[in-house]
Amino acid sequence: MNTRMTRQIVVIGGGPAGLAAAAAAKKNGAEDVLILERDRVLGGILNQCIHNGFGLHTFQEELTGPEYAARFIRIVEEQQIPYLLSTIVVDLARLENGRIAVSVMNRSEGLFVIEAEAVILAMGCRERPRGALNIPGYRPAGIFTAGTAQRFVNIEGKMPGREVVILGSGDIGLIMARRMTLEGAKVKVVAELMPYSGGLKRNIVQCLNDYGIPLKLSHTVVDIKGKDRVEAVTIAEVGPDRRPIPGTEEEYTCDTLLLSCGLIPENELTGKLGADLSPVTSGPVVNESLETSIPGVYACGNVLHVHDLVDYVSEEASEAGARAAEYVSGKDCAAGEPCAIRAVDGVRYTVPAVLRIGKMRERQVIRFRVGEVFRDAEVVIELDGKSYRSVRKKIMAPGEMEQVILPKKDLEEIKPSVITIRIRTNM
Amino acid sequence: MVDVLIIGAGVTGAAIARELARDERTILVVEKELDVCEGTSKANSGIAHAGFDAKPGTLKAQMNVRGSRMMEQLSKELDFPYRKNGSLVLAFHEEDLKTLEELLERGRRNGVEDLRIITAEEVRALEPNVSEQVCGALYAPTGAIIDPFLMNVAFAENAFVNGADFLFGAKVSHITRNQETGSYTVRIRTVKGARKEHYGQNAAALPAELTIEARTVVNAAGVYADEIHNLVSARKIHITPRRGQYLLMDKAAGGFVSATVFQCPTAMGKGVLVTPTVHGNLLVGPDSENIEEKEGTNTTAASLSYVLSRAGLTADRLPARQVITSFAGLRAHGDVGDFLLEEAEDAPDFYDAACIESPGLTSAPAIGEYMAQLIREKHPAPARPHFDGTRRGTPCVSMASLEERQKLIEQDPAYANVVCRCELVTEGEIVDAITRPLGARTLDGIKRRVRAGMGRCQAGFCMPRQMELLEEQTGLAPEEIVKSGADAFILFGESGKGVSV
């Protein structure tokens, strides 16, 4: 590998997270930022999300996915941040000098290594495929993840099915139920293994209810028929143990099964680097600066944890970009002792998972998801086991991200060594 | 008139075709599917068995040991992945230890080299992840793992460039023997996308029906070999599809075991094994179930959970959460108790290579040799003048060293353009899989040749891009592209037409 270049900050991924991170890094003083994107265009998965509903928080208006992406692409272009397209990162390694060797491959330059002072991970996530769901039956054509079907319809201009059953009520599945219906396909049913939907409430209303598409909670696919192309799918109710209940099977004639059964952060590179990964989120463990366990390596967006709204991705990524810019500027303030955040009693995880009080912003955002539906419950924050603050919520659901804000001055005063976040129900 | 017509382009048929291609004779391989390796050959354990399991004196034993010995050299000549990782058969109690002694004795009689019984401590030193319950094991250092797809592809390609023709999408419906000339008239029905491949020419479409005259017919029709045999012979045979289901795990779990780890065999087969694959995944399976349906390659919840629980006996910390796909294969279990490798008694010049269940994959090179020899003895032919028994496979960028990668990219920058991100498969590799002799015409064909879409996302991201390359290289329309079977189409025409009334 002859080619070598050095960069202050390399951003891996040119989707919403990478774009916002790069823009923020530059804005905060990093001169030398490079975005690496594996696709042929910037914008990531937003390019195929042609429905509206993006940007309500960020821009106070309703944009489509490509419009939302275009706003950030424009900022990146205006800031003259360079980017490489159709470029894949094949390896990440920490060098003895503390820098990160980013091994890269593309058509025009071949194989080369970039030595970066800081790296921002923004690779996004992938969809859980059929195989990982252990759905028995034949393996015909016509089984797609919802995102693949979305790409066929919205980008390739092709119909992947006419009579559709959807398993999983994640947001992409709900959006695709509507899209396929608008394209003239018949969506027969959406089955969801859990007793609640994994998607946003607004999507259930706007994508299923408005079109009369039934949502069957506590149901799953137990058989797929069709040797060449899908011919039928059998759905059964599941009990509290999530196993199918014999005798509840219903067969749906269809040619297509779409899967929207969860997203998995794509952290193969993060793993190669040796950064600590969370078994709950499958993303890296980060501190208040969105820095992984490897100094100078930051993470944001869906590679860190799966988000519900892209607005939060942009917000988080801007913070990661700003933090990376501070890191490369060398203006480091004292970090202080790390304080772990424990997620318990219905709180599945928190991002960040560690706080160094000296490095906190004045108002530190802690994002989390709950493990089940809670009504009229309280989010309780404890510092070293003592109740510090609680917030009452009318409803919390696994499909939506929650957040609490911790003021730096309080923590500086109390200097806790453990922060606990839990859900308290009235039961 | 062709000299030899081989029915079936699975690993057995392809191996026979390659051996016969050493002599100057016309060969036609007739395959009902649209690609090679579409039946049992694509859904098995991918093991080159050492040969201690088969009963001494059987063809199974003979072919297994010979095949196992040929495999390493052959993998170099034909450039398919092979790794001698060794096999272990675990014993969990006293009774099993007795079985190990029997297997050891059987293996020695079959001529398996370096077999020995090792202690529980030795087992754990070799395989730290096996169960605490293990009290000993049979160790076969000559056991190996291979890429079953590429071995099949390699045999077929090599036969092809040495003159064998192939028909795809061509199902044999009738065979009649001409009593005067002694030759066979083979009637064939074709499916959508059926084609004839002749080396050096573009593929030619086939009519809905055609008839071919053949001097000699070889039956390598897998689970359908009984139906083919029974078309010409009054001495009927019966093949029971014996289904085995598997789970494949992510490469993150590939290092869980290094050897192929068996449990003691039963009447129904070698039992559930846990093995790395040549590409670094972890594979567990199969179970064993007699079924009726010759296309019954569906998996079932009961069998998949049985396989996981049985594999859990081998290793209790099995990373079951890492499953990326599951599949089922059908062993062609014959009622004759052994491989059927002979000229049919009442049908001269009709040869069976039938009832090829395990260890069929390992035996394929030896069966190829054996069958070719049977035919050669009856119908000698001069050696083919420019026979070349070597083949260069598609380069594998993900396994290549940095220097090799650099060199490939210098030759063709398409080797730097990654299409399948999970398995790191490049445009260069996919284009080669399509354009090489007897290249892929289906998405599964690409997957089996270069692993695009075989990783953890299972083609979620790269399927549209693979289809684009298939269109560019073959001229197929998007709607004509299939996953594997003739009706396994992916798309229904254009979107953007709105709701139809």
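Being a predicted model, the structure only gives us computed values, none of them experimental. (Residues numbered from 1 in each chain as written. Chains lettered and ligands numbered in written order. Predicted model: local features only at pLDDT ≥ 70, side-chain atom pairs only at ≥ 80, totals over all residues. Heavy atoms only, no water.)

A tally of helices and strands in chain A yields nine helices and 27 strands. Taken over C-alpha atoms, the radius of gyration comes to 22 Å for chain A, in line with the 22 Å a tight globule of 427 residues would show. Oriented by its inertia axes, the alpha-carbon framework of chain A measures out at about 65 × 60 × 40 Å. Counting only residues that meet the buried cut, chain A has 59% of its 427 residues in that class. In chain A, 63% of the contacts between residues at least 6 apart in sequence involve partners at least 24 apart. Accessible surface for chain A amounts to roughly 17,100 Å². Of this, 48% is attributable to carbon and sulfur atoms. One way to put it: in chain A the 52 positive side-chain charges average out to a point 1 Å from where the 55 negative ones average out. (Helix = DSSP H or I, 4+ residues; strand = E, 2+ residues; numbered from the N terminus. Rg over C-alpha atoms; globule rule 2.2 N^0.38 Å. Buried < 20%, exposed > 50% of the residue type's maximum accessible area, 1.4 Å probe, protein only. Contact = heavy atoms within 4.5 Å. Areas by Shrake-Rupley, 256 points an atom, 1.4 Å probe, with all protein chains shown as cover. Lys, Arg positive; Asp, Glu negative; His and termini not counted. Charge placed at Lys NZ, Arg CZ, Asp CG, Glu CD.)

What follows deals with the domain arrangement of chain A. Residue and element names in this part refer to chain A. Each assigned domain of chain A is listed with its residue range as follows: domain 1 (1-126 + 263-332), domain 2 (129-261) and domain 3 (334-427). Listed per partner, the contact involves six residues of domain 2 and six residues of domain 3. For the pairing of domain 2 and domain 3, the buried interface totals around 390 Å² over both sides, and the portion due to carbon and sulfur atoms is 58%. Among the residues domain 2 hides against domain 3, the three largest losses belong to Tyr196, Gly198 and Leu200. Together they make up 77% of the total. On inspection of domain 2 and its partner domain 3, the count reaches zero salt bridges. The tally of links from domain 2 across to domain 3 stands at two residue pairs in polar contact (both at pLDDT 80 or more). The residue makeup of the side of domain 2 that touches domain 3, split by class, is two nonpolar, three polar and one charged. (Domains from an automatic or database assignment. Buried area = accessible area lost by both parts, 1.4 Å probe. Salt bridge = Lys/Arg side-chain N within 4 Å of Asp/Glu carboxyl O. Polar contact = N/O pair within 3.5 Å; in protein donor to acceptor, adjacent residues only side chain to side chain. Nonpolar A, V, L, I, M, F, W, Y, C, P; charged D, E, K, R; others polar.)

Moving on, we come to helix α8 (residues 360-378) of chain B. The end-to-end C-alpha distance of α8(B) is 25 Å, a good match for the 27 Å that 19 residues give at a rise of 1.5 Å each. Of all bends in α8(B), the biggest is about 40°, found at Ala366(B). (Expected span 1.5 Å × (residues − 1). Bend = angle between axes of the 7 residues up to and from the residue.)

This part is about the nonpolar core. In a soluble, globular protein the nonpolar side chains are often hidden away together inside. Ile9(A), Ile12(A), Leu36(A), Leu92(A), Val102(A), Val119(A) and Leu121(A) are the most contacted members of the largest nonpolar core, which has 63 residues in total. If near-sequence neighbours (up to four positions away) are discounted, Leu121(A) is found in contact with Ile12(A), Leu92(A), Thr270(A), Thr292(A), Val297(A), Tyr298(A), Ala299(A), Cys300(A) and Val303(A). Counting residues in each nonpolar core, the second largest holds 53 residues, with Ala14(B), Ala144(B), Phe339(B) and Ala353(B) among its members. (Core = buried A, V, L, I, M, F, W, Y, C linked by side-chain atoms within 4.5 Å.)

Residues and elements named next belong to chain A. Strands sit in the order β21-β23-β26 across an open sheet of three strands; the sheet is antiparallel. Each having just a single partner strand, β21 (347-351) and β26 (402-407) make up the two edges of the open sheet. For this sheet, the mean inter-axis angle between neighbouring strands, taken without regard to orientation, is 30°. Across four bridges, β21 lies against strand β23 (residues 363-370) in antiparallel orientation. Of the residues in β23, the one forming a bridge with Val351 is Arg367. (Pairing = 2+ DSSP bridges. Axes fitted to C-alpha atoms, helices over the stretch in contact; angles between N-to-C directions.)

This paragraph deals with unusual backbone geometry. The linkage connecting Val351(A) with the following residue, Pro352(A), adopts the cis geometry, with an omega of 0°. Relative to the helices and strands, Pro352(A) resides in the loop between β21 and β22 (354-356). Unlike most non-glycine residues, Asp79(B) shows phi in positive territory, near 55°. Of note, Asp79(B) is situated in the loop between α2 (59-77) and β4 (82-83). Assessed through its relative accessible area of 27%, Asp79(B) is described here as partly exposed. For Asp349(B), which is not glycine, the phi dihedral falls at a positive 65°. Examined against the element boundaries, Asp349(B) turns out to sit in the loop between β19 (340-343) and β20 (350-354). Under the relative-accessibility criterion, Asp349(B) is labelled buried at 4%.

We now examine the packing of aromatic side chains. All names here are of chain B. Evaluation of the coordinates by the stated rule reveals 11 aromatic pairs over all chains. Centre to centre, the rings of Phe166 and Phe168 are 5.8 Å apart; their planes meet at 15°, and the pair counts as stacked. Phe168 carries the same exposure label as Phe166, and that label is buried. Summarising the aromatic geometry, the rings of Tyr246 and Phe327 are spaced 4.9 Å apart at their centres and angled 15° between planes, so their arrangement reads as stacked. Of this pair, Tyr246 sits in strand β13 (residues 239-249) while Phe327 sits in strand β18 (residues 323-334), and the two are 81 residues apart along the sequence. Per residue, the accessibility class of Tyr246 equals that of Phe327, and both read buried. If you follow Lys294 out to its NZ or CZ, it ends over the ring of Tyr224, 6.0 Å from the centre. Over the face of the ring belonging to Phe461 we find Arg421, whose NZ or CZ atom lies 3.6 Å from the ring centre. (Phe/Tyr/Trp six-rings, centres within 6.5 Å; stacked < 30°, edge-to-face > 60°. Lys NZ or Arg CZ within 6 Å of the ring centre and 35° of its normal.)

The subject of this paragraph is the interface of chain A and chain B. Contact with chain A, which involves 50 residues of that partner, is made by 59 residues of chain B. In total, chain A and chain B occlude about 4,500 Å² of area from one another, counting both sides; carbon and sulfur atoms represent 56% of this. Where chain A packs against chain B, one counts seven salt bridges. Here Arg107(A) makes a salt bridge to Glu427(B), at a shortest N to O gap of 2.8 Å. Linking chain A with chain B are 23 residue pairs in polar contact (both at pLDDT 80 or more). The set of elements that each furnish at least two residues to the side of chain A that touches chain B consists of β6 (87-94), β7 (100-106), β8 (110-121), β9 (125-127), α3 (130-133), β10 (143-145), α4 (146-156) and α5 (171-182) of chain A. Top element by residues in the side of chain A that touches chain B is α4(A). It accounts for five residues. The residue makeup of the side of chain A that touches chain B, split by class, is 20 nonpolar, 14 polar and 16 charged.

In this section: the domain arrangement of chain B. All names here are of chain B. When the domains of chain B are assigned, the result is domain 1 (2-41 + 149-238 + 336-378), domain 2 (87-141 + 239-331) and domain 3 (402-480). With centres defined by C-alpha atoms, the gap from domain 1 to domain 2 works out at 32 Å. Considering only the surface of domain 1 that becomes buried against domain 2, Val223, Tyr224 and His238 emerge as the three largest contributors, covering 48% of it. Across the contact surface, domain 1 and domain 2 share two salt bridges. A salt bridge links Lys294 to Asp226; the nearest nitrogen and oxygen atoms lie 3.0 Å apart. At the junction of domain 1 with domain 2, the criterion picks out six residue pairs in polar contact (both at pLDDT 80 or more). Residue composition of the side of domain 1 that touches domain 2, grouped by class: six nonpolar, four polar and four charged.

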